[in-house]
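# Structure assessment
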Amino acid sequence: MAISVPVEHVLYVAALLFLMGLAGVLARRNVMFLLMSLEVMMNAAGLAFIAAGAKWGQPDGQIMFMLILALAAAEVAVALGLVLQLSRRYGTLDVDSASELSG
Amino acid sequence: MLDLLWLVPALPLLGFLALFATEGKLPDKLVAVIGAGTVGIAALVALFAGREFLQSGEPSFSLSLWTWIAVADFQPSITLYLDALSLVMMGVITGVGFLIHLYATGYMWKDHQEPASYSRFFAYMNLFVFAMLMLVLGDNLLVLFLGWEGVGLCSYLLIGFYHRDAANGYAARKAFVVTRVGDTAFALGLFLLFRELGSLEIQQALAASSALTPCMATAICLLLLGGAVGKSAQVPLQTWLPDAMAGPTPVSALIHAATMVTAGVYLIARMQDLYLLSANAQHYVAVVGLATLLIASFTALTQRDIKRILAYSTMSQIGYMFMALGVGAWSAAIFHLMTHAFFKALLFLASGSVILALHHEQDIFKMGGLWKKLPVPFWSMAIGSGALVALPFVTSGFYSKDAILLTAYDTSGWLYWGGGVLAAGLTALYTTRMMVITFFGDAKTEPHEDSRINMWLPLAVLGVLSIVGGWFGIGVLDELLGGLGDFSHASPVAVVTMAVPLLGILLGVLVFSGRIDVAGFVESKAGDALRRFFDSGWAFDWLYERVFVKPFLWLARVNKGDVVDLIYTLTKSITRGLHHTGALTQTGRLRWYAANMAIGLIVVLLLAAGWL
């Protein structure tokens, strides 16, 4: 253990990452970038778990991170199918083009 | 045979179902056989059942068919109840009904306009006979009410039989709505009776009726009188009957002269014990009868349409019956009901023959000189008119009218007797007018008569009944109902009663054949105003038009948007508005949803942190 980083700092970074990801989800229209932003958000959450686990010396944080990795893999598998369908049916990767299901 | 009593109403119902189910696809000859045949067999069954009933000597016979509804204590049963009163009514309905059906097979043969309407006519007529029989045979007021509404429906359908002409539809609706006013009162009376006595079985209710307070008895009697007044076309609900003449003539004879319009008389006679509890209500019955009697007689004096003359005369004769019920001459009322059914059916059927021979000419001033050319209708009309004006000793009308007037004199003094005698004089006057103008004088329209046996036979039978029904009927009915005992025809009152119609006829002959010149009075201003007043039926239509119809139409126009419905429209509008607002958030855009989720999450977090 060379340098000890205060847990608050790690949480600040995680929050910053999460907000960046959220901004990406809300701002980008290209579905690929949208998925990448989602990935960023999940990693922000994972970082917060790791930091918290380190703080209390518990393995739970790391286990949760592994769960998040599995979740991300599953999400990508589904999402790539959606991307393919989107590009096939609309000829574009713009998510706003698929908005027929409106009230 | 008495156990087969159920066949009497069942046969006409069967006829109706057969004609109704085949939708007019049967050949007309078969329709005639079914239509008249079912009623004819019903009449035969009624005859044999009646004979057996008389031989048994029992005061009443009831035949339970089944329980209609069973709800706790309320278990109205469908029971046929035969006693002297319903026996007379059943005889009139099936007997006269069959003769009219027979006549109608000939009358409607020439008179139906559409292919299926011959069958439709007999289907309605059979349904009517069924409903009327249920009305008089039902031992339960609920069954009676079923028949009551059934005959009202058939009356509506048959008045509007020639439905191509909008005026006939109007007349049918008028009859339906006006009688509905009375029916509402009748229904309220039934509710009240049921609340007070807990039973609608007529015999049970009458037996228990002495427990009623006088006030309640009067209320129930007056509500039932309301129903009777509507159905029997008495003042103040009489305005529908003259318009009901829009229907075919056999309908006028069967429904609007012989049977349905006397249902009110039957109802009051049936509920006799109830009316005996309330002298007030009985008094009103007599007042209604006397008022109708005089109003209708004066009106008949000025009518031009032969069927309307007969309609007003029917109203006045039923007025006699009501007056008789009111003064306590129950049997006389039923006796007059029977003789009236004979001679009025005869008059209507004969006038139908005249109308048919003149190609639907009903204005008596366009007839004239017909007595040689139309001998059968002429002699039928002459016999019917004789019975209507009560020619002493030879006609049936004399015996029944005498029984009413002399009983009225005995029990209620000179007022009702005087009114009745005055109306008898007027009856003689308008009947003479109708006969003189229709059958004598110059011929104005050439008749074409070709009556077959099915048309003149009913006229002949009814003609015989109109004559012998009196002295024959008085004996039978006196035995059955009592109270028709010997009336002395030698007392001064009886002589006056007898003489007034003769004077009326004499006056009528002199005036309407022109030997007494009344043109001066008729053409004067007062005479013309009086004539128009009488002609309009004492302006009842005019009054009702202004008091009820116009305000109602005005209200309907004002309330076209339906004020009450606004509450519900408002609820609907608010719901729809909320729905549209909610639907706005569903844009279908993924990023919009994500943003909302983020905002929602922030709000939840802020709430959880206690910052909001």
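Now for the overall build of chain B. Helix and strand counts for chain B stand at 25 helices and 2 strands. The principal-axis extent of the C-alpha atoms belonging to chain B is close to 115 × 55 × 55 Å. For chain B, the proportion of contacts with a sequence separation of at least 24, taken over those separated by at least 6, is 81%. Accessible area of chain B: about 26200 Å², with a carbon and sulfur share of 69%.

The interface of chain A with chain B comprises 14 residues on the first partner and 11 residues on the second. At the boundary of chain A with chain B, total buried surface from both sides reaches about 940 Å², with 59% on carbon and sulfur atoms. Linking chain A with chain B are 2 salt bridges. In this structure, D96(A) and R591(B) form a salt bridge, with 2.6 Å as the shortest nitrogen-oxygen distance. Counting across the interface, chain A meets chain B through 4 residue pairs in polar contact (both at pLDDT 80 or more). Of all the elements, helix α1 (residues 7–27) of chain A adds the most residues to the side of chain A that touches chain B, at 4 residues.

Taken as a whole, the largest pocket encloses approximately 1000 Å³ of empty space. Lining the largest pocket are 39 residues; nearest its centre among them are V25(A), L34(A), L38(A), M41(A) and A594(B). For the lining of the largest pocket, the secondary-structure elements that each account for two or more residues are α1, α2 (31–56) and α3 (60–90) of chain A together with α25 (590–609) of chain B. Looking at the lining of the largest pocket element by element, the count peaks at 10 residues for α25(B). When the residues that make up the lining of the largest pocket are grouped by side-chain class, the tally is 34 nonpolar, 2 polar and 3 charged.

Packed helices, taken two at a time, are described by the angle their axes make and the gap between the axes. All names here are of chain B. Viewed as axis vectors pointing N to C, helix α1 (residues 7–21) and helix α4 (residues 117–137) meet at an angle of 155°, and their least axial separation amounts to 8 Å. Comparing the axis directions of α1 and α4 gives the class roughly antiparallel. Our pair here, α1 against α4, has a crossing hand that is left-handed. Contact with α1, carried on its side by V8, P9, P12, L13, G15, F16, L19 and F20, involves S119, F122, A123, N126, L127, V129, F130, L133, M134 and L137 of α4 and no other residues of that element. Along the lines of polarity and charge, the residues of the contact of α1 with α4 split into 15 nonpolar, 3 polar and no charged.

Glancing now at the domain arrangement of chain B. The domain architecture assigned to chain B consists of domain 1 (322–536) and domain 2 (541–609). Here the C-alpha centroids of domain 1 of chain B and domain 2 of chain B sit 67 Å apart.

This paragraph deals with the pattern of salt bridges. One side chain can pair with another of opposite charge once the charged atoms of both are near each other. On inspection of all chains with the given rule, the structure shows 14 salt bridges over all chains. Note that R29(A) and D94(A) form a salt bridge whose closest N and O atoms lie 2.9 Å from each other. Taken together, the residues span a long stretch of sequence, with R29(A) in the loop between α1 and α2 and D94(A) in the segment after α3 at a distance of 65 residues. Accessibility expressed as a relative area gives 44% for R29(A), which makes it partly exposed. By relative accessible area, which is 17% here, D94(A) ends up buried. For D83(B), the salt bridge identified is with R270(B), shortest N-O distance 2.8 Å. Remark: R270(B) occurs in helix α11 (residues 263–270) and D83(B) occurs in strand β2 (residues 77–83); sequence separation between them is 187 residues.

A cluster of nonpolar residues, M1(B), L4(B), W6(B), L44(B), L47(B), F48(B), L65(B) and W66(B), forms a patch on the protein surface that exposes about 780 Å² of accessible area. You can see L65(B) is positioned in strand β1 (residues 60–67).

Mapped onto the fold, S99(A) is located in the segment after α3. A polar side-chain atom of S99(A) sits 3.3 Å from the main-chain carbonyl oxygen of D96(A). Discounting chain neighbours no more than four positions away, the residues touching S99(A) are T587(B), G588(B) and R589(B).

We now examine the pairing of β2(B). The buried fraction of β2(B) is high, at 7 of 7 residues. Neither face of β2(B) is open: one carries S77(B), T79(B), Y81(B) and D83(B), the other I78(B), L80(B) and L82(B), and all of them are buried.

The rules behind these values
- Residues numbered from 1 in each chain as written.
- Chains lettered and ligands numbered in written order.
- Predicted model: local features only at pLDDT ≥ 70, side-chain atom pairs only at ≥ 80, totals over all residues.
- Heavy atoms only, no water.
- Helix = DSSP H or I, 4+ residues; strand = E, 2+ residues; numbered from the N terminus.
- Contact = heavy atoms within 4.5 Å.
- Areas by Shrake-Rupley, 256 points an atom, 1.4 Å probe, with all protein chains shown as cover.
- Buried area = accessible area lost by both parts, 1.4 Å probe.
- Salt bridge = Lys/Arg side-chain N within 4 Å of Asp/Glu carboxyl O.
- Polar contact = N/O pair within 3.5 Å; in protein donor to acceptor, adjacent residues only side chain to side chain.
- 1 Å grid on protein atoms, 1.4 Å probe; cavity = no way out; pocket = protein on both sides within 12 Å on 5 of 7 lines; lining within 4 Å.
- Points joined across faces, edges and corners; volume = space filled by probe spheres on them.
- Nonpolar A, V, L, I, M, F, W, Y, C, P; charged D, E, K, R; others polar.
- Axes fitted to C-alpha atoms, helices over the stretch in contact; angles between N-to-C directions.
- Parallel < 35°, antiparallel > 145°, perpendicular 65-115°, else oblique.
- Left-handed = near helix turned anticlockwise from the far one by under 90°.
- Domains from an automatic or database assignment.
- Buried < 20%, exposed > 50% of the residue type's maximum accessible area, 1.4 Å probe, protein only.
- Patch = residues over 30% accessible without salt bridge, like charges linked within 9 Å, V, L, I, M, F, W, Y side chains within 5 Å.

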